[in-house]
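Here are the chains, one letter per residue:
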Amino acid sequence: MGLSINSKRYANLEKIAAEDLKCSEELTPTYLGENQYQLSGCGTSGTYELRCVMGQCSWVPDVKALAEFDLGCARAQLESTRLDKHTAGVTGCGKRATYRLLGSRYSLSWVLNSQVSQDEVAPAPAPAPASASDVSPL
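Calculation criteria
- Each chain carries its own residue numbering, running from 1 in the written order of its sequence.
- The model is predicted, so local features are restricted to residues of pLDDT at least 70 and side-chain atom pairs to those at 80 or more, both for listing and for counting; the totals for chains, interfaces and linings are taken over all residues.
- To obtain the side-chain values, all non-hydrogen atoms of the structure were used and water was disregarded.
- The definitions used throughout rest on a 1 Å grid laid over the protein atoms alone, on which a cavity is an enclosed set of points accommodating a 1.4 Å probe that cannot get out and a pocket is an open set flanked by protein within 12 Å on both sides along at least five of seven lines; lining residues are those having an atom within 4 Å of a point.
- Grid points are joined across faces, edges and corners, and a volume is the space filled by probe spheres set on the points.
- Gly is put with the polar residues, along with every residue not named as nonpolar or charged; the nonpolar set is Ala, Val, Leu, Ile, Met, Phe, Trp, Tyr, Cys and Pro, and the charged set is Asp, Glu, Lys and Arg.
- Put simply, a salt bridge is a Lys or Arg side-chain nitrogen that is within 4 Å of an Asp or Glu carboxyl oxygen.
- A run of H or I in DSSP becomes a helix once it reaches four residues, and a run of E becomes a strand once it reaches two; helices and strands are each numbered from the N terminus.
- The buried label goes to any residue with under 20% of its type's maximum accessible area, the exposed label to any with over 50%, and the partly exposed label to all in between, with areas taken from a 1.4 Å probe on protein chains only.
- pLDDT expresses how confident the predictor is about each individual residue, on a scale running from 0 to 100.
- Two rings belonging to Phe, Tyr or Trp (six-membered ring only in the last case) form a pair when the distance between their centres is within 6.5 Å. Interplanar angles under 30 degrees mark stacking, angles over 60 mark edge-to-face geometry, and anything in between is tilted.
- Any two cysteine sulfur atoms within 2.5 Å of one another count as a disulfide.

Student: Give a detailed account of the layout of surface pockets, specifying residues and quantitative values.
Tutor: Taken as a whole, the largest pocket spans an internal volume of roughly 200 Å³. Along its surface, the largest pocket is lined by 15 residues, and Q36, T47, D62, S80 and R82 are the ones closest to its centre. Across the lining of the largest pocket, the residue classes tally to 6 nonpolar, 5 polar and 4 charged.

Student: Hey, could you go over the pattern of salt bridges for me, with residue numbers and the actual values?
Tutor: In the structure shown here, the tally under the stated rule is 3 salt bridges. The shortest N-O distance in the salt bridge between E49 and R82 comes to 3.3 Å. Linking E49 in strand β3 (residues 44–53) with R82 in strand β5 (residues 79–84), this pair joins segments that are 33 residues apart in sequence. Looking at E49, the relative accessible area reads 12%, which means it is buried.

Student: Quick one: what's the story with the confidence of the model for the chain, residue by residue and with numbers?
Tutor: Overall, the prediction assigns the chain a mean pLDDT of 84, with 82% of residues at 70 or greater. Across the chain, the secondary-structure element scoring lowest on mean pLDDT is strand β9 (residues 117–118), at 84, and the one scoring highest is strand β6 (residues 87–92), at 95.

Student: Provide a residue-level description of the packing of aromatic side chains, including the pertinent values.
Tutor: Counted according to the given criterion, the structure contains 2 aromatic pairs. Aromatic pair Y31 and Y37: ring centres 5.0 Å apart, planes at 55°, arrangement tilted. Relative accessible area serves as the criterion here: at 1%, Y37 is assigned to the buried category. Aromatic pair Y37 and W59: ring centres 5.6 Å apart, planes at 75°, arrangement edge-to-face. Placement of Y37 in strand β2 (residues 36–41) and of W59 in strand β4 (residues 56–60) is noted, with a sequence separation of 22 residues between them. The exposure class assigned to W59 is buried, which follows from its relative accessible area of 7%. Pairwise contacts between aromatic rings join Y31, Y37 and W59 into one cluster.

Student: Tell me about the state of the cysteines, and please be specific about residues and values.
Tutor: Tallied over the entire structure, the rule returns 3 disulfides. Through a disulfide, C23 is tied to C42; the S-S separation comes to 2.1 Å. Taking the torsion about the sulfur-sulfur bond, which here is approximately 75°, the covalent link between C23 and C42 counts as right-handed. Taken together, the residues span a long stretch of sequence, with C23 in the loop between α1 (7–21) and β1 (28–33) and C42 in the loop between β2 and β3 at a distance of 19 residues. Residue C23 is classed as buried on the basis of its relative accessible area, which comes to 5%. Shown here is the disulfide that connects C73 with C93, its sulfur atoms set 2.0 Å apart.

Written out as structure tokens, the structure reads:
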């Protein structure tokens, strides 16, 4: 466990993660460093960060919870990347989006900060088949 987590904060994290992951079994925690924790269970996982300001702490929710809806993609197929302290990118199912972390020290949430775009280049349309009138006699 990280330095600034106690049993009460951890219990709160477990509750948040169980709701996010829709998982009622025991979750497995992994400390990722810099007050970030990954909780896994029921075939999926979520990443959470503890942020504290002047002794008041709150958990930054997993961005995949919102991206799952926005991208129309199962959480297990999503990959997230922290771009900076307040921005994350999520890709999955051939789509990508950027999210911004907003709120106060008591309530933090991710907000879609870009249009959902296709992650892959769409193939060029096939040429139309030639019709009998387009063919010249020899």
